[in-house]
Amino acid sequence: MVEHTQALSFGPAAGDYDRFRPPYPLEAVAFAIGFTAPARVVDLGAGTGILSRGVAALGHEVVAVEPDPEMRARLVAGTPGVTALAGSAEAVPLPDGAADAVVAGQAYHWFDPDRAHPEIARLLRPGGSFAPIWNLRDESAPWVDALSQIIEGIAGSRGDRAGRPEPEPDFGELFGPAQRAEFAHRVTHDVTSLIGLLRTRSYYLTAGVREQRRLEQQVRALTEEHPDLAGRESFELPYRTVVHRARRR
């Protein structure tokens with residue numbers, strides 16, 4: 001029930017989600033797709049279209065699938081030329097073999113694998129690729145590690161997907177072994193945009209007002225007091241973008 005509530009919590013924050021969530025490095029997107037020639041790519045759990053825009057920037061055709069109507073409306077408004085469909089990873093309104101590649105940006109952990117893996121395999125032509133992608137905060141930076149400790153103290157069992165190492169996926173017998181690749185990138189923030197980013201996280205959206213305010217106060221104090229941030233108007237938040245890509249047998 002907690003997972004279900006978190007998965008459906010993003011719609012009211014769709015505008016901030018699109019504004020503050022980090023993009024994916026194009027090198028990571030290219031690896032995930034696995035084809036240099038123009039391909040038809042399905043973006044599952046597409047949210048507001050952040051990954052879809054990266055796919056389109058590489059010259060591929062994109063079909064975005066998103067269950068939340070508010071997120072999907074934001075996707076349509078901000079992602080011209082991309083087809084957006086209502087659906088989920090477990091039920092995609094497309095015919096068999098409709099895709100050369102299927103990607104999932106920051107969404108795979110919401111899927112029911114027993115239902116999603118066969119559905120994704122159904123969508124893909126033989127040899128097509130499936131790749132979940134995660135933007136993970138790089139906690140080797142001391143201030144980022146301190147930020148993650150603040151978040152964990154507030155989020156508790158609700159977890160924090162942007163700081164947690166991604167699980168090694170097993171896509172089942174319909175797919176070959178997964179290849180893993182990692183890419184580094186950075187996003188510039190100030191304290192306002194950093195708090196704006198945290199306000200788009202499911203643990204924040206499902207927290208009580210007191211927890212939300214406590215998180216914001218602690219993050220403001222971090223930016224004012226941590227030696228790597230104190231006195232700076234802006235700073236860079238480093239990410240590790242991790243991709244696991246497997247081919248449809």
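Everything quoted here is computed from the prediction, not taken from an experiment. (Residues numbered from 1 in each chain as written. Predicted model: local features only at pLDDT ≥ 70, side-chain atom pairs only at ≥ 80, totals over all residues. Heavy atoms only, no water.)

### Some words on the overall build of the protein chain
Inference 1: Along its length, the protein chain carries ten helices and seven strands.
Inference 2: Whereas a compact globule of 249 residues would reach a radius of gyration of roughly 18 Å, the protein chain reaches 18 Å, a difference of no more than 12%.
Inference 3: With respect to the principal axes defined by its C-alpha atoms, the protein chain has extents near 55 × 35 × 30 Å.
Inference 4: Relative to its 249 residues, the protein chain shows a buried fraction of 53%.
Inference 5: In the protein chain, once contacts between residues fewer than 6 apart in sequence are set aside, the share between residues at least 24 apart is 78%.
Inference 6: Surface summary for the protein chain: the accessible area is close to 11,100 Å², and the carbon and sulfur share equals 51%. (Helix = DSSP H or I, 4+ residues; strand = E, 2+ residues; numbered from the N terminus. Rg over C-alpha atoms; globule rule 2.2 N^0.38 Å. Buried < 20%, exposed > 50% of the residue type's maximum accessible area, 1.4 Å probe, protein only. Contact = heavy atoms within 4.5 Å. Areas by Shrake-Rupley, 256 points an atom, 1.4 Å probe, with all protein chains shown as cover.)

### Things to note about the packing of aromatic side chains
Inference 1: According to the stated counting rule, one finds nine aromatic pairs in the structure shown.
Inference 2: When the ring of Trp143 is compared with that of Phe235, the centres are 5.4 Å apart and the planes differ by 75°; the resulting orientation is edge-to-face. With Trp143 in helix H7 (residues 142–155) and Phe235 in strand S7 (residues 235–247), the pair connects residues that are 92 residues apart, well separated along the chain.
Inference 3: The class for Trp143 is buried, based on a relative accessible area of 5%.
Inference 4: With a centroid separation of 6.1 Å and 65° between ring planes, the pair formed by Phe171 and Phe175 is classed as edge-to-face. In this structure, Phe171 and Phe175 share a single accessibility class: buried.
Inference 5: Aromatic ring contacts, followed pair by pair, group Tyr108, Phe111, Phe130, Trp134, Phe171 and Phe175 into a single cluster.
Inference 6: Between the NZ or CZ atom of Arg245 and the centre of the ring of Phe31, over which it lies, the distance is 4.2 Å.
Inference 7: For Arg247, the ring lying beneath its charged end belongs to Phe35, and the centroid distance is 4.8 Å. (Phe/Tyr/Trp six-rings, centres within 6.5 Å; stacked < 30°, edge-to-face > 60°. Lys NZ or Arg CZ within 6 Å of the ring centre and 35° of its normal.)

### Some remarks on unusual backbone geometry
Inference 1: You will see that Gln106, though not glycine, has its phi angle at about 55°, which is positive.
Inference 2: Along the chain, Gln106 turns up in the loop between strand S4 (99–105) and helix H6 (113–123).

### Digging into the sheet that holds strand S3 (residues 83–85)
Inference 1: Taken together, the seven strands give an open sheet; going across it, the order is S3-S2-S1-S4-S5-S7-S6, and neighbouring strands pair in mixed fashion. Only two strands of the sheet have a single partner each, and these edge strands are S3 and strand S6 (179–189). Sheet twist, expressed as the mean angle between neighbouring strand axes with direction ignored, is 20°.
Inference 2: Note: S6 against S7, eleven bridges, orientation antiparallel. In the sheet register, Ala181 faces S7, and the bridge partner there is Val243.
Inference 3: Helix H3 (residues 26–33) contacts strand S1 (40–44), S4, strand S5 (124–137), S6 and S7 of the sheet and is inclined by roughly 10° relative to S7. (Pairing = 2+ DSSP bridges. Axes fitted to C-alpha atoms, helices over the stretch in contact; angles between N-to-C directions.)

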